[in-house]
Amino acid sequence: MMERITVQVNKPYDIVIGKNLIDNAVKYLSQFIQKRKVLIITEDNVNKHGYLDKLKYSLENHCENIEFLSLPPGEAQKNLKNVELIIRHLADAHFTRDDVLIALGGGVIGDLVGFTASIYLRGIAYIQVPTTFLAAIDSSVGGKTAVDITQGKNLVGAFHHPVCVLCDTSTFQSLPTDIFEDGCSELIKYAMIMNPKLLKELVEREQPLNKESSDLPEII
């Protein structure tokens, strides 16, 4: 089952949701990468599950050049030091406004890459590939990006929409249960605030929502 939603902003973009999408990512992303340089930013926990290799394999023969950076995991990576690290990499590789960044990971990577994309050359394209349930329903959508500084969380940021969101629910299967449940908590909050029908469905489920639930794409 695959879902496609168009976000109607000044430059509309699609959110594509389904299983095993990374294996065939070029089918959904080719228009954004053809004859362009691509930099994928991910983190080590995502990398060790093979998602970076799958994404690279799908895209590498369709873009001008593809590179990657893999950062340590955790909120501590969402900082200005890593923004500068990515920007220097882009500048050294002569990335232009026609090229693209890809955020492959959870909310930390999505926020970091989105903010960096918003300020490099006054804004270049980026693609969100969320690998956590929380990022899929929250930070990957809406263009809200930010990094932390010593004085507080998300104090430096910008609104910069992605050109596409590719949400592969198969990546959730490698999540620790508590990390998946972070997304469930956010889902329940959204349902309570604005979707009574969804809340009723969650309460009345025969089996609790889990990483392998077949209706995850529809719920997202």
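So, here's what we can say about the structure. Per chain, residue numbering runs from 1 following the sequence as it is written. In keeping with the model being predicted, local features are shown solely for residues with a pLDDT of at least 70 and side-chain atom pairs are shown and tallied solely at 80 or more, while totals for entire chains, interfaces and linings include all residues. Each side-chain value is worked out from all heavy atoms of the structure, with water and hydrogens disregarded.

This paragraph deals with the sheet that holds strand S3 (residues 37-43). A sheet is described by the order of its strands in space; here seven strands give the open sequence S1-S2-S9-S6-S5-S3-S4, paired in mixed fashion. Edge positions in the sheet fall to strand S1 (3-7) and strand S4 (65-71), since each has one partner strand and no second. Mean inter-strand twist for the sheet, computed between neighbouring axes without regard to direction, equals 15°. Inspection of the sheet shows strand S5 (residues 100-105) paired to strand S6 (residues 125-130) by six bridges, in the parallel sense. When the bridges of S6 are listed, Gly105 appears paired with Pro130. Pairs of residues are marked as contacts when any of their non-hydrogen atoms sit within 4.5 Å. To define axes, lines are fitted to C-alpha atoms, for helices over the stretch in contact only, and angles between the resulting N-to-C directions are given on a 0 to 180 degree scale. By definition, any uninterrupted DSSP run of H or I lasting at least four residues is a helix, any uninterrupted run of E lasting at least two residues is a strand, and each is numbered from the N terminus. The sheet contacts of helix H1 (residues 26-33) involve S1, strand S2 (13-18), S3, S5, S6 and strand S9 (164-168), and relative to S9 the element is tilted by about 155°. This element, helix H5 (residues 107-119), spans S3, S4, S5 and S6 of the sheet and lies at about 165° to S5. When DSSP finds two or more bridges between a pair of strands, those strands are recorded as paired.

This part covers the nonpolar core. A general feature of soluble globular proteins is that nonpolar side chains tend to end up buried together. Throughout, nonpolar core names a set of buried Ala, Val, Leu, Ile, Met, Phe, Trp, Tyr and Cys residues whose side chains join them through atoms within 4.5 Å. The cut-offs for exposure are 20% and 50% of the maximum accessible area for each residue type, with area from a 1.4 Å probe on protein chains only; residues under the lower value are buried, those over the upper are exposed, and the others partly exposed. Counting residues in hydrophobic clusters, the biggest one holds 25 residues, and the most contacted among them are Leu59 and Leu104. Contributions of two or more residues to this core are made by H1, S3, helix H3 (51-59), S5, S6 and S9. The element best represented in this core is H1, accounting for five residues. Excluding residues within four positions of it along the chain, Leu59 makes contact with Ala25, Val26, Leu29, Ile33, Ile66 and Ile102. One finds Val7, Leu187, Leu209 and Ile219 within the second-largest nonpolar core, a separate group that totals 21 residues.

Our next topic: the pattern of salt bridges. The term salt bridge refers to a side-chain nitrogen of Lys or Arg lying within 4 Å of a carboxyl oxygen of Asp or Glu. Counting across every chain of the model gives 13 salt bridges. Between Glu64 and Lys37 there is a salt bridge, and its shortest N-O distance comes to 3.9 Å. One end of the pair, Glu64, is in the loop between H3 and S4; the other, Lys37, is in strand S3, and 27 residues separate them in sequence. Taking relative accessible area as the criterion, Glu64 reaches 52% and is therefore assigned exposed.

The buried count for S9 comes to five of five residues, which makes it a mostly enclosed element. With burial as the criterion, each face of S9 is covered, one bearing Cys164, Leu166 and Asp168 and the other bearing Val165 and Cys167. When S6 meets S9, the two strands line up parallel, connected through two bridges. Within S9, the residue paired with Gln128 across the bridge is Val165.

A helix is expected to span 1.5 Å multiplied by its residue count minus one. If you check helix H7 (residues 177-194), its first and last C-alpha atoms are 26 Å apart, about what 18 residues at 1.5 Å a residue would give, namely 26 Å. Turning to H7, its buried residues are Phe180, Gly183, Cys184, Glu186, Leu187 and Ala191. Mapping the buried residues of H7 onto a view down its axis gives an arc of 165°, with all of them on the same face. For H7, the exposed residues set more than 90 degrees away from the buried face come down to Met192 and Ile193. Against helix H6 (133-137), helix H8 (196-203) and helix H9 (216-219) lie the buried residues of H7. Here the arc refers to the directions that run from the helix axis out to each C-beta atom.

Take the side chain of Asn82 next. When you line up the elements, Asn82 lands in helix H4 (residues 80-92). Overall, the relative accessible area of 8% leaves Asn82 in the buried class. Among all residues touching Asn82, those that are not within four sequence positions of it are Leu71, Gln77 and Leu112.

Now for the packing of H7 against H8. Interhelical geometry of H7 versus H8 gives an angle of 135° and a closest axis separation of 6 Å. The pairing of H7 with H8 is recorded here as oblique in orientation. The residues of H8 that touch H7, namely those facing Leu187, Ile188, Ala191, Met192 and Met194, are Pro196, Leu198, Leu199 and Leu202. Residue composition of the contact of H7 with H8, grouped by class: nine nonpolar, no polar and no charged. We call two directions roughly parallel when the angle between them is under 35 degrees, roughly antiparallel when it is over 145, roughly perpendicular when it lies between 65 and 115, and oblique otherwise. The classification used treats Ala, Val, Leu, Ile, Met, Phe, Trp, Tyr, Cys and Pro as nonpolar, Asp, Glu, Lys and Arg as charged, and all other residues, Gly among them, as polar.

This part takes up the state of the cysteines. Throughout, disulfides are identified as pairs of cysteine sulfur atoms within 2.5 Å of each other. Considering all chains together, one arrives at zero disulfides under this definition. Between Cys63, a cysteine without a disulfide, and Cys164, which holds the nearest cysteine sulfur, the sulfur-to-sulfur distance is 15 Å. As a non-bridged cysteine, Cys184 has Cys167 as the owner of its nearest cysteine sulfur, 13 Å distant. Given the relative accessible area of 14%, Cys184 is considered buried.

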